[in-house]
Amino acid sequence: MGKVVLVTGAARQLGGRFVRRIQGDPEVERVVAVDAVEPAHPLGDAEFVRADIRRPAIAKVLAEHEVDTVVHMDVTGTALGGGGRTSVKETNVIGTMQLLGACQKSPRVSRLVVKSSTNVYGSAPRDPAVFTESTAAKSLPSGGFAKDAVEVEGYVRGFARRRPDVAVCVLRFANILGPRADSPLAEYLSLPVLPTVFGYDPRLQFVHEDDVIDVLRMVAHESRRAGLNSGTFNIAGDGVLLLSQCARRLGRPTVPVLLPAVTWVGSALRAIGVTDFAPEQIRLLTHGRVVSTVQMREVLGFAPRYTTAETFADFARSRGAGLLPPELLAGAVDRLADRLSVPAVPYEAPPAPRVPAPAVPAPSSSPASPPFHDGA
């Protein structure tokens, strides 16, 4: 018998891609896709079950389909189907509680994979340069998706203590980007003009959506080595980018805004439905965040195919040229530099200074003085 994998959040594009991808694995017998709304994309041969993970009925789904592996991807910061922030929080927190309760009652469940976020570290002015999996946040998130992720991981740790026989893997993803990215940060980077915090240029990390699917697929199976696919891991592409570099590569001009006024700008953008410029995103665009991926490579054994710069380049290509295309901007800078350049003058070495020869005393024509005698 192969594995029976249940995937939550199948109506989202990332969840749908994972459902289609894992069906081709020889270890998998059946895939059960779960979501509260009908997906707009195909799910291949997976069996779709319309169920709300916030309801106790999710326990019946696990029992009826004899699920042994659960991949919880329905932890996200964006609403689906026109829902607001309240429905997102309920799905993230209450939905996770109900799902974990169902897994705890199921004797067949042997593996749990949870999609989390590096948002759990927060963003604060006194943060360390690099977060590791064991680094505590200097300032815990006070709201939004970041706080949801902190609560979700707390419930997962409690579940792991109650069911030590279940292999639990939590993946903390950096900002997910790619051609089909639909996160609040992707919406922000798609604006024609990027509002930034005056005086700050944060460091950012990205992970490609293809790498997200690859690592989820890897940890959903039994590990090649003992204990490899259990634990908490940061997942991010190599390297970092400054926000100013991102803006230049997108061809988007920036508008620096004083920090006290950034909240007003964010509220205005949310009010007109342009993007969810939430307080947690404002803190990220102020202080940035960088995480260590040593455990990802050395313990988990996963190496992303895309670096942070390559991930962003793929995202930028999907968004088209901005108001200041990088190629045209670079060409204009080169032409301006050529016009302002001063013609080079051939270098001529200055003549060597003439050093006068030392004076030689002329021979004297007077007779030599007689030797001196003291009369002794």
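See the structure shown above.
Presented here is a report on the structure given in the accompanying data block. Not measured: the values here are computed from a predicted model.

1. Topic: the pairing of strand β5 (residues 111-117)
Burial within β5 is extensive, with seven of its seven residues counted as buried. Bridge count between strand β4 (residues 69-72) and β5: four bridges; the pairing is parallel. Looking at the pairing, V70 lines up with L112 of β5. Sheet analysis places β5 next to strand β6 (residues 167-173), joined by seven bridges and oriented parallel.

2. Here we look at the pairing of strand β2 (residues 28-35)
Buried residues dominate β2, accounting for six of its eight residues. Note: strand β1 (residues 3-8) against β2, six bridges, orientation parallel. Looking at β2, one finds that V5 is bridged to V31. One crossover worth recording links β1 to the parallel β2 by way of helix α1 (residues 13-22), and it is right-handed. In terms of strand pairing, β2 meets strand β3 (residues 47-50) through four bridges, oriented parallel.

3. Notes on the environment of L6
Topologically, L6 is positioned in strand β1. Overall, the relative accessible area of 0% leaves L6 in the buried class. Taking the C-alpha atoms as reference, L6 lies 9.9 Å from V49; in sequence the two are 43 residues apart. Leave out the neighbours within four places in its chain, and L6 touches V32, V34, V61, L62, V67, T69, V70 and V71.

4. Side note on the packing of aromatic side chains
A full pass over the atoms with the stated rule returns three aromatic pairs. Ring centres of Y121 and F131 lie 4.7 Å apart, and the angle between their planes is 20°; this geometry places the pair in the stacked category. Of this pair, Y121 sits in the loop between β5 and α4 (144-162) while F131 is found in the loop between β5 and α4, placing the two residues ten residues apart along the sequence. Across the pair, F131 and Y121 agree in class, each one buried.

5. Comments concerning the packing of helix α7 (residues 243-250) against helix α11 (residues 308-319)
How two helices pack is summed up by the angle between their axes together with the distance between the axes. For the pair α7 and α11, interaxial distance at closest approach is 10 Å and the crossing angle is 35°. Classified by chirality, the crossing of α11 by α7 is right-handed. Of the residues in α11, those touching α7 at C246, R249 and L250 are A309, F312, F315 and A316. Taken together, the residues of the contact of α7 with α11 break down into six nonpolar, no polar and one charged.

6. Points about the sheet that holds β5
Pairing is parallel across the open sheet formed by seven strands, whose spatial order is β3-β2-β1-β4-β5-β6-β11. The open sheet has two edge strands, β3 and β11 (231-235), and neither has a second partner. With strand direction ignored, the average angle separating the axes of adjacent strands in the sheet is 20°. Strands β1, β2, β4 and β5 of the sheet are contacted by α1, whose axis makes an angle of about 165° with β2. In the packing of helix α6 (residues 209-219) onto the sheet, the strands contacted are β4, β5, β6 and β11, and the crossing angle to β6 comes to about 170°.

7. Considering the nonpolar core
When a protein is soluble and globular, its nonpolar side chains tend to lie buried together. By size, the foremost hydrophobic cluster in this structure holds 38 residues, and its most contacted members are F18, V71, L171, F173, L216 and I235. Contributing elements (two or more residues each) for this core: β1, α1, β2, β6, α6, β11 and α10 (294-300). Sorting elements by how many residues they give to this core places α6 first, with five residues. When near neighbours in sequence (up to four residues on either side) are disregarded, I235 contacts L171, R172, F173, A174, V207, V215, M296 and L300. Counting 27 residues, the second largest nonpolar core, distinct from the first, contains V49, L62, L100 and V152.

8. Remarks on the packing of helix α3 (residues 85-105) against α4
Closest axis-to-axis distance for the α3/α4 pair is 10 Å, and the angle between their directions is 5°. One element, α3, and the other, α4, form an angle in the roughly parallel class. Together, R85, K89, N92, V93, T96, M97, L100, C103 and Q104 of α3 and G144, F145, D148, E151, V152, Y155, V156, F159 and R162 of α4 make up the contact between the two elements. Among the residues forming the contact of α3 with α4, the class breakdown is nine nonpolar, four polar and five charged.

9. Brief notes about the pattern of salt bridges
Oppositely charged side chains may form a pair once their charged atoms are brought near each other. Inspection of every chain in the model, using the stated rule, returns 18 salt bridges. Across the pair E153 and R157 runs a salt bridge whose closest N-O atoms are separated by 3.8 Å. Here E153 and its partner R157 are both found in helix α4, four residues apart, which amounts to about one turn of the helix. On the basis of relative accessibility, which here comes to 5%, the residue E153 falls in the buried class.

Calculation notes
- Residues numbered from 1 in each chain as written.
- Predicted model: local features only at pLDDT ≥ 70, side-chain atom pairs only at ≥ 80, totals over all residues.
- Heavy atoms only, no water.
- Buried < 20%, exposed > 50% of the residue type's maximum accessible area, 1.4 Å probe, protein only.
- Helix = DSSP H or I, 4+ residues; strand = E, 2+ residues; numbered from the N terminus.
- Pairing = 2+ DSSP bridges.
- Right-handed = clockwise from strand over helix to strand, strands pointing away.
- Contact = heavy atoms within 4.5 Å.
- Phe/Tyr/Trp six-rings, centres within 6.5 Å; stacked < 30°, edge-to-face > 60°.
- Axes fitted to C-alpha atoms, helices over the stretch in contact; angles between N-to-C directions.
- Left-handed = near helix turned anticlockwise from the far one by under 90°.
- Nonpolar A, V, L, I, M, F, W, Y, C, P; charged D, E, K, R; others polar.
- Core = buried A, V, L, I, M, F, W, Y, C linked by side-chain atoms within 4.5 Å.
- Parallel < 35°, antiparallel > 145°, perpendicular 65-115°, else oblique.
- Salt bridge = Lys/Arg side-chain N within 4 Å of Asp/Glu carboxyl O.

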